[in-house]
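# Descriptive structure summary
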Amino acid sequence: MKIICLCCGHKVVLGDDYDDYEGQVKCFACSAILEIRTQEGKIRAVEFVRVVPRPSAEGVFERSRS
């Protein structure tokens, strides 16, 4: 099953474990969180929740020096 991210348009591929699922999934392209509901392998609802900010490269390097 594939879901198109509502934030960036990336295809989010979900395995068979998501055939009957209600909860959140993350787009690995833009870090958006989507609330989805599937039933019998079909998408019933997709809703954008939020974007999780990624740390900047500078922030990662600053933390590693501490």
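In this report, the structure presented in the accompanying data block is examined. Computed from a predicted structure; not experimentally measured.

Another aspect to go through is the overall build of the protein. Looking only at helices and strands, one finds one helix and five strands in the protein. Beginning at the N terminus, the succession of helices and strands in the protein can be written as β-β-β-β-β-α. Within the protein, the fraction of its 66 residues that count as buried is 23%. Intrachain contacts of the protein at a sequence separation of at least 6 include 22% that bridge at least 24 residues.

We now examine the environment of Asp17. Turning to its location among the elements, Asp17 is positioned in the loop between strand S2 (11–13) and strand S3 (21–26). When its relative accessible area of 72% is taken as the criterion, Asp17 is described as exposed. C-alpha of Asp17 to C-alpha of Gly41: the two residues are 24 residues apart in sequence and 9.3 Å apart in space.

To continue, consider the sheet that holds strand S5 (residues 42–51). The strand order across the open sheet built from three strands is S3-S4-S5, with neighbouring strands paired in antiparallel fashion. Sheet topology places S3 and S5 at the edges, where each strand pairs with a single neighbour. Neighbour to neighbour, the strand axes of the sheet diverge by 20° on average, direction disregarded. Looking at chain direction, strand S4 (residues 32–39) and S5 are connected through eight bridges and run antiparallel. In the sheet register, Arg37 faces S5, and the bridge partner there is Ala45.

Moving on: the pairing of S3. In the sheet, S3 pairs with S4 via six bridges, with the strands oriented antiparallel. The residue bridging Glu22 from the neighbouring strand is Arg37, located in S4. Between the end of S3 and the start of S4, which pair antiparallel, lie five residues, with Ser31 showing a positive phi angle near 70°.

Tallied over the full model, the rule gives one aromatic pair. Centroid distance Tyr18 to Tyr21: 4.7 Å. Interplanar angle 70°. Geometry classified as edge-to-face. Looking at Tyr18, the relative accessible area reads 27%, which means it is partly exposed. Judged by relative accessible area, which is 24%, Tyr21 ranks as partly exposed.

Rules used throughout
- Residues numbered from 1 in each chain as written.
- Predicted model: local features only at pLDDT ≥ 70, side-chain atom pairs only at ≥ 80, totals over all residues.
- Heavy atoms only, no water.
- Helix = DSSP H or I, 4+ residues; strand = E, 2+ residues; numbered from the N terminus.
- Buried < 20%, exposed > 50% of the residue type's maximum accessible area, 1.4 Å probe, protein only.
- Contact = heavy atoms within 4.5 Å.
- Pairing = 2+ DSSP bridges.
- Axes fitted to C-alpha atoms, helices over the stretch in contact; angles between N-to-C directions.
- Phe/Tyr/Trp six-rings, centres within 6.5 Å; stacked < 30°, edge-to-face > 60°.

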